[in-house]
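Notes for the structure review
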Amino acid sequence: MSDWIGITAGDITGIGPEVVLKALALEDTKGDKTRYLILCDTEQLRRVNKTVGLTLQDFSEFTSNDRFCVLNPLLEPIPAGLVAGAAPAALAAIGWIRDGARRCMNGELAALVTAPLNKESVIRAGMPFVGQTELLAQLAGVRRSVMMLLGQDDRGHALRVALATTHLPLRRVADSLNRERVEQAIECAAQACSDLGLKTARVGVCGLNPHAGEGGHLGHEEIDIIRPAIEALRARGCDVTGPLAADALFHYAYRGDYDAVVAMYHDQGLAPLKMIGFDTGVNWTLGLPFIRTSPDHGTAYDIAGQNKANPRSMASAIRLARKLAARRIARENGA
């Protein structure tokens, strides 16, 4: 298995290239010796690198000892001076994701870290698009993946949150929730704890409704969907508890009573996570046949090109990808 980590630069009219280069420079100062393949327009990346000063090499082959290599797998370079969210930048970002996923699946890359792109820009460019997570699941040929977000505050308190549903309007969440989705999220959350090397895999599951439905008085999803899913996973040996009122569960998880939380919808899980780890949060896609992480922020068009972007979330995403890849390589080598 390759030990190279792939990084897609995202929408180049946003802060993607800047946080990629800054994060790699930050990791380099900490003694990281990993080799990275950055998928991006070569000239655009080198232009941004003038403010960072990372030693970039044009990619030649995977036997190279060069540490920071750049490759544009697309046929045409991207024009300079594009406005924020321009179609060529949005479509190029999708092309780099496709190439990175392909290289992961054929064993050229040990993991893929994806810089942010903008969904509205991709859709305006004429491509139906839900999100990078969903696109990667489609490219990998898996029917459904699970989004997990990880964050940690300055005192070392961590949250790990898996989502039963992802990018849906709130009015559609209840209709989209089913037992299969909840079971998969619980199962993936438990496996994630193992992949991270945690000693336990205690999973707490949120209810959908306030107070976890109050025994059916505030909704029946907990009775009809969530509890049966929990009981099925418990019967298979999973250490899982719930459904619990989300407002209390996140407090218990924050103080260390649970190793991971399964939330029923996007903001139920991400609001508390971003409260403790706004600058360092990481998105980890579970259920793919390869490792994929990303920073937990967007393209930030308003500060692009101003050398103001904070690279901490990208650095956390790179660090997690590197850790997961090293553990997977060690397992495959029988270590």
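Structure: see above.
From a predicted model like this one, the values you see are computed outputs, not experimental measurements.

Calculation criteria
- Residues numbered from 1 in each chain as written.
- Predicted model: local features only at pLDDT ≥ 70, side-chain atom pairs only at ≥ 80, totals over all residues.
- Heavy atoms only, no water.
- Helix = DSSP H or I, 4+ residues; strand = E, 2+ residues; numbered from the N terminus.
- Rg over C-alpha atoms; globule rule 2.2 N^0.38 Å.
- Buried < 20%, exposed > 50% of the residue type's maximum accessible area, 1.4 Å probe, protein only.
- Contact = heavy atoms within 4.5 Å.
- Areas by Shrake-Rupley, 256 points an atom, 1.4 Å probe, with all protein chains shown as cover.
- Phe/Tyr/Trp six-rings, centres within 6.5 Å; stacked < 30°, edge-to-face > 60°.
- Axes fitted to C-alpha atoms, helices over the stretch in contact; angles between N-to-C directions.
- Parallel < 35°, antiparallel > 145°, perpendicular 65-115°, else oblique.
- Left-handed = near helix turned anticlockwise from the far one by under 90°.
- Nonpolar A, V, L, I, M, F, W, Y, C, P; charged D, E, K, R; others polar.
- Expected span 1.5 Å × (residues − 1).
- Pairing = 2+ DSSP bridges.

Points about the overall build of the chain
The number of helices and strands found in the chain is 11 helices and 12 strands. Taken against the 2.2 N^0.38 rule, which gives 20 Å for 335 residues, the C-alpha radius of gyration of the chain at 20 Å falls within 12% of a compact globule. Projecting the C-alpha coordinates of the chain onto the three principal axes gives extents of approximately 60 × 45 × 40 Å. For the chain, the proportion of its 335 residues judged to be buried stands at 54%. Taking contacts inside the chain between residues at least 6 apart in sequence as the whole, the part at least 24 apart equals 74%. For the chain, the exposed surface amounts to about 14800 Å²; the carbon and sulfur share of it is 50%.

Quick look at the packing of aromatic side chains
Summed over the entire model, instances satisfying the criterion amount to 4 aromatic pairs. Geometrically, the ring pair formed by tryptophan 4 and phenylalanine 62 is edge-to-face, given 5.4 Å between the ring centres and 90 degrees between the ring planes. In this pair, tryptophan 4 sits in the segment before strand 1 (5-8) while phenylalanine 62 sits in the loop between strand 3 (57-58) and strand 4 (68-71), placing the two residues 58 residues apart along the sequence. Of the residues examined, tryptophan 4 reaches a relative accessible area of 1% and is grouped as buried. The rings of Trp4, Phe59 and Phe62 are connected pair by pair, giving a single aromatic cluster.

Quick look at the environment of aspartate 28
Structurally, aspartate 28 can be placed in helix 1 (residues 16-29). Between the C-alpha atom of aspartate 28 and that of methionine 148, which follows or precedes it by 120 residues, the distance is 26 Å. Apart from the residues lying within four places of it in its own chain, the contact partners of aspartate 28 are Arg67 and Phe68.

Looking at the packing of helix 7 (residues 179-195) against helix 8 (residues 221-235)
Close contact between helix 7 and helix 8 brings their axes to 9 Å; oriented N to C, the two are set at 45 degrees. With respect to each other, helix 7 and helix 8 are oriented oblique. Where helix 7 crosses over helix 8, the handedness of that crossing is right-handed. For the pair helix 7 and helix 8, the contacting residues are Arg179, Val182, Glu183, Ile186 and Glu187 in the first and Ile225, Ile226, Pro228, Ala229, Ile230, Ala232 and Leu233 in the second. For the contact of helix 7 with helix 8, the per-class residue count stands at 9 nonpolar, no polar and 3 charged.

Brief notes about helix 3 (residues 87-105)
Relative to the 27 Å expected for 19 residues at 1.5 Å per residue, helix 3 spans 27 Å between its end C-alpha atoms, a close match to the ideal helical length. Phi turns positive, to about 90 degrees, at glycine 107, one or two residues after helix 3.

Brief notes about the sheet that holds strand 12 (residues 291-295)
With respect to topology, 12 strands assemble into an open sheet ordered 3-4-2-1-5-12-11-6-7-10-8-9, the strand pairing being mixed. Two strands close off the open sheet at either side, each with one partner strand: strand 3 and strand 9 (240-244). As paired strands, strand 8 (residues 203-206) and strand 10 (residues 260-263) are joined by 3 bridges and run parallel to one another. If you follow valine 203 over to strand 10, its bridge partner there is alanine 260.

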